[in-house]
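What follows is each chain in one-letter form.
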Amino acid sequence: IRFTGRLLNRRGAAFAGGLYAVGFFALFTSRVGLRAGLLPVFVLWLLLSLHSLLKQGRCREAVGADFAPGLATYTYTSAFALWGGLLGLALLLVFFDRRALRDRGLQIVLAGVLALVVSLPMIVARVTDPEGFNRSSTITRPLIDALAGQPHELLDNAVRLLGMGAFTGDPEARYNLPGRPLFPAGVGLLAYAGLAVAAARIRRQPIYAAVLGIMIVGLVPSLLTVSAPSFLRSIVLLPALTICVAAAVDRLPGRVSIVAGSAILVIVGVSDGRAYFVDWPQQAGVKAIYRDDLEQLADAVSNSDGKWLVSTCTKGPNSSTECKHPVSISGTMRYENADGRS
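Residues numbered from 1 in each chain as written. Predicted model: local features only at pLDDT ≥ 70, side-chain atom pairs only at ≥ 80, totals over all residues. Heavy atoms only, no water.

Caption draft 1: Looking closely at the overall build of the chain. Scanning the chain from N- to C-terminus turns up 17 helices and four strands. For the chain, the proportion of its 342 residues judged to be buried stands at 43%. Taking all contacts inside the chain whose residues are at least 6 apart in sequence as the whole, residues at least 24 apart take part in 65%. (Helix = DSSP H or I, 4+ residues; strand = E, 2+ residues; numbered from the N terminus. Buried < 20%, exposed > 50% of the residue type's maximum accessible area, 1.4 Å probe, protein only. Contact = heavy atoms within 4.5 Å.)

In structure tokens:
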């Protein structure tokens, strides 16, 4: 709210904060407690710090720019998009505002260097951990196929990502209703209008270069992987897209913008609230993923002194199905093979 208030005004800040609070995906990541949900905090921290740095130029305004990209690295892989904010702002100053570059360029470079130092341990861990490469190899088929001369899925990903604001949605049920766009259609169209506003203001308000830089780089993780548009891999875009909607509404005449903004909050609150609390839990895929039956079983076992027999099937070392029977007696778990041997 503070950053949007400085970028737009108090009215735009109130609307952006309200829209973020009632939106489906912000609600989901906050309630479930996914670590990726921290990324929007670091995005806004960086943008607020850079905005203050451009306006005031004191060292304390640079602290957030120093540490936000570095600390964000420890939350989720898509955090590297924050570097797109620093790069976008630096490029704008190089080409269009040499005076600001002379005044603030050294501080921006220093912010990037210190952020790199802070993030270095995680970068080393990522590069040297084979599990990270094993995981990435299972989801980067579009990139691998494109490098092999078959860019079809990569191009399809690009089209779906461009439409994620109002037309296309994440196909997976794990984090959302499959195929549901980020915003209801009318609200999503305002996000595209807000992007045009940001592009038009970029010379007068250089901080928009950082906003757009984060958005462009933030598309890369979902572009190069399967199941695009992946809202979780693109979560760094959420604050910027919300601000774009607020910027579009703020362009309306005073009272009209207040009425329109209030109506949008009601529409999004009702539709997204129903989508999250009613429609999403009823999805068969959601029930299969989150296995509420196992949670209920665990509660029953922990609250009972009786004997429980549970049969599950797992993959054996030779990829054959082996059924094992975990037996819990008074809170102690013992595993038996199908033939009864422990």
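Read on, since the account is not over.
Caption draft 2: Quick look at the environment of G84. By secondary structure assignment, the location of G84 is in helix 6 (residues 81–96). Residues G84 and A209 lie 125 residues apart in sequence; the distance between their C-alpha atoms is 9.3 Å. When sequence neighbours within four positions are dropped, the list of residues in contact with G84 reads G213, I214 and V217.

Caption draft 3: Quick look at the packing of aromatic side chains. Under the defined criterion, the tally for this structure stands at ten aromatic pairs. Ring centres of F42 and W45 lie 5.9 Å apart, and the angle between their planes is 35 degrees; this geometry places the pair in the tilted category. Of this pair, F42 and W45 both sit in helix 4 (residues 39–55), three residues apart, roughly one helical turn. Note on W45: relative accessible area 32%, which makes it partly exposed. Ring geometry for Y276 and F277: centres 4.9 Å apart, planes at 75 degrees, overall edge-to-face. Since its relative accessible area comes to 4%, Y276 is described here as buried. (Phe/Tyr/Trp six-rings, centres within 6.5 Å; stacked < 30°, edge-to-face > 60°.)

Caption draft 4: Examining the packing of helix 12 (residues 207–218) against helix 14 (residues 237–250) more closely. Across the interface, helix 12 lies against helix 14 with an axial gap of 9 Å and an inter-helix angle of 130 degrees. In terms of their interaxial angle, helix 12 and helix 14 are classed as oblique. Classified by chirality, the crossing of helix 14 by helix 12 is left-handed. Residues Y208, V211, M215 and G218 of helix 12 form the contact with helix 14, whose own contacting residues are L237, A240, L241 and A247. Along the lines of polarity and charge, the residues of the contact of helix 12 with helix 14 split into seven nonpolar, one polar and no charged. (Axes fitted to C-alpha atoms, helices over the stretch in contact; angles between N-to-C directions. Parallel < 35°, antiparallel > 145°, perpendicular 65-115°, else oblique. Left-handed = near helix turned anticlockwise from the far one by under 90°. Nonpolar A, V, L, I, M, F, W, Y, C, P; charged D, E, K, R; others polar.)

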